[in-house]
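Residues per chain, in single letters:
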Amino acid sequence: MISKKAKYALKALKVLAQAYEKGPLLISHIAESEHIPKKFLEAILLELRNHGILQSQKGKGGGYYLRVPPSEVTFAKIIRIVDGPIAPALCVSLHFYGKCDDCADEETCQLRTVLAKWRDANLSVLEKTTLEELI
């Protein structure tokens, strides 16, 4: 399952993708239209801005807007930013690899093989799905 934070991020990005190249949107507009708590949304949008997905503009007429085209923002990228690893275990993670504490030998671990297939199946969908498909 993805976290509520990731779900809110995707919902907010859908609104921003619909307004791509039409100017910035206020946080309050996004929060209201998608029923997202405003304070929670502020933190999410700031995180996405810090990772280069969004840009913000201060002052009158300000707000947030997509920095890149919706067709270039994959679900996998957003979920990694917000939730971290997509893989079911760190030992099979492509971007957040970590050795399992309870595994004696990764090369012969039968569970690792299944977990890698699980990761690949999820990634085959998440890497190909973009914000453009939401709009």
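Here the structure is shown first, and the text comes after it.
In what follows, the accompanying structure is described. Everything numeric in this text was worked out from a predicted model, so none of it was measured. (Residues numbered from 1 in each chain as written. Predicted model: local features only at pLDDT ≥ 70, side-chain atom pairs only at ≥ 80, totals over all residues. Heavy atoms only, no water.)

## Regarding the pattern of salt bridges
Two side chains carrying opposite charge are able to pair once their charged atoms lie near each other. Applied cut-off: Any carboxyl oxygen of Asp or Glu that lies within 4 Å of a side-chain nitrogen of Lys or Arg is treated as forming a salt bridge with it. Note on conventions: DSSP H or I runs of at least 4 residues are helices, E runs of at least 2 residues are strands, and numbering of each starts at the N terminus. Note on classification: 1.4 Å probe, protein chains only; a residue is buried when its accessible area is under 20% of the maximum for its type, exposed when over 50%, partly exposed between these limits.
For the coordinates displayed, the defined rule picks out 6 salt bridges. Glutamate 127 is the salt-bridge partner of arginine 80, the closest N and O atoms lying 2.9 Å from each other. Separated by 47 residues along the polypeptide, arginine 80 in helix H4 (residues 75-83) and glutamate 127 in the segment after helix H5 (110-126) bring together distant segments of the chain. In this structure, arginine 119 and aspartate 120 form a salt bridge, with 2.8 Å as the shortest nitrogen-oxygen distance. By relative accessible area, which is 13% here, arginine 119 ends up buried. A relative accessible area of 38% means that aspartate 120 is categorised as partly exposed.

## Let's talk about the side chain of serine 93
Heads up, the condition is: By definition in these notes, contact holds between two residues if any of their heavy atoms fall within 4.5 Å.
As for its position among the elements, serine 93 is in the loop between H4 and H5. If we ignore the near neighbours within four places in the chain, the residues touching serine 93 are Pro85 and Ala87.

## Points about the packing of helix H1 (residues 4-18) against helix H3 (residues 38-50)
What counts, and what does not: Fitting a line to C-alpha atoms yields each axis, with helices limited to the stretch in contact; the angle taken between N-to-C directions then spans 0 to 180 degrees. Angle categories: roughly parallel below 35 degrees, roughly antiparallel above 145, roughly perpendicular from 65 to 115, and oblique for all the rest.
Running from N to C, H1 and H3 cross one another at 75°; their axes reach a closest spacing of 10 Å. Of the possible angle classes, the one that applies to H1 and H3 is roughly perpendicular. Taking contact as the criterion, the partners of Lys5, Tyr8, Ala9, Ala12, Leu13 and Leu16 in H1 are, on H3, Phe40, Leu41, Ile44, Leu45, Glu47 and Leu48.

## A closer look at the environment of valine 125
Tracing the sequence through the fold places valine 125 in helix H5. When the C-alpha positions of valine 125 and arginine 112 are compared, they lie 20 Å apart, and in sequence the two are 13 residues distant.

## Section: the nonpolar core
Applicable threshold: Here, nonpolar core refers to any group of buried Ala, Val, Leu, Ile, Met, Phe, Trp, Tyr and Cys residues whose side-chain atoms link them within 4.5 Å.
Of all hydrophobic cores here, the largest spans 34 residues; its most connected members are Leu13, Leu16, Leu45, Leu48, Ile53, Leu54 and Ile78. Among the secondary structure elements, those contributing two or more residues to this core are H1, helix H2 (27-34), H3, strand S2 (63-66), H4 and H5. Other than its neighbours up to four places away in sequence, isoleucine 53 contacts Leu13, Leu48, Tyr65, Leu66, Arg67, Val68, Val73, Lys77, Ile78 and Ile81. Core analysis: the next-biggest nonpolar cluster, separate from the first, contains 6 residues, Cys91, Val92, Leu115 and Ala116 among them.

## Observations regarding the layout of surface pockets
Stated precisely, the cut-off is as follows: Note on definitions: the grid is 1 Å and covers protein atoms alone; a cavity is a set of points where a 1.4 Å probe fits but cannot get out; a pocket is an open set with protein on both sides within 12 Å along at least five of seven lines; lining residues have an atom within 4 Å of a point. Grid points are joined across faces, edges and corners, and a volume is the space filled by probe spheres set on the points. Nonpolar residues are Ala, Val, Leu, Ile, Met, Phe, Trp, Tyr, Cys and Pro. Charged residues are Asp, Glu, Lys and Arg, and all others, Gly as well, are polar.
As a volume, the largest pocket reaches approximately 190 Å³. Around the largest pocket, the lining residues are Met1, Ile2, Ile79, Asp83, Pro85, Ile86, Ala87, Asn122 and Leu126. Listing elements by their share of the lining of the largest pocket, those giving two or more residues are H4 and H5. Among the residues forming the lining of the largest pocket, the class breakdown is 7 nonpolar, 1 polar and 1 charged.

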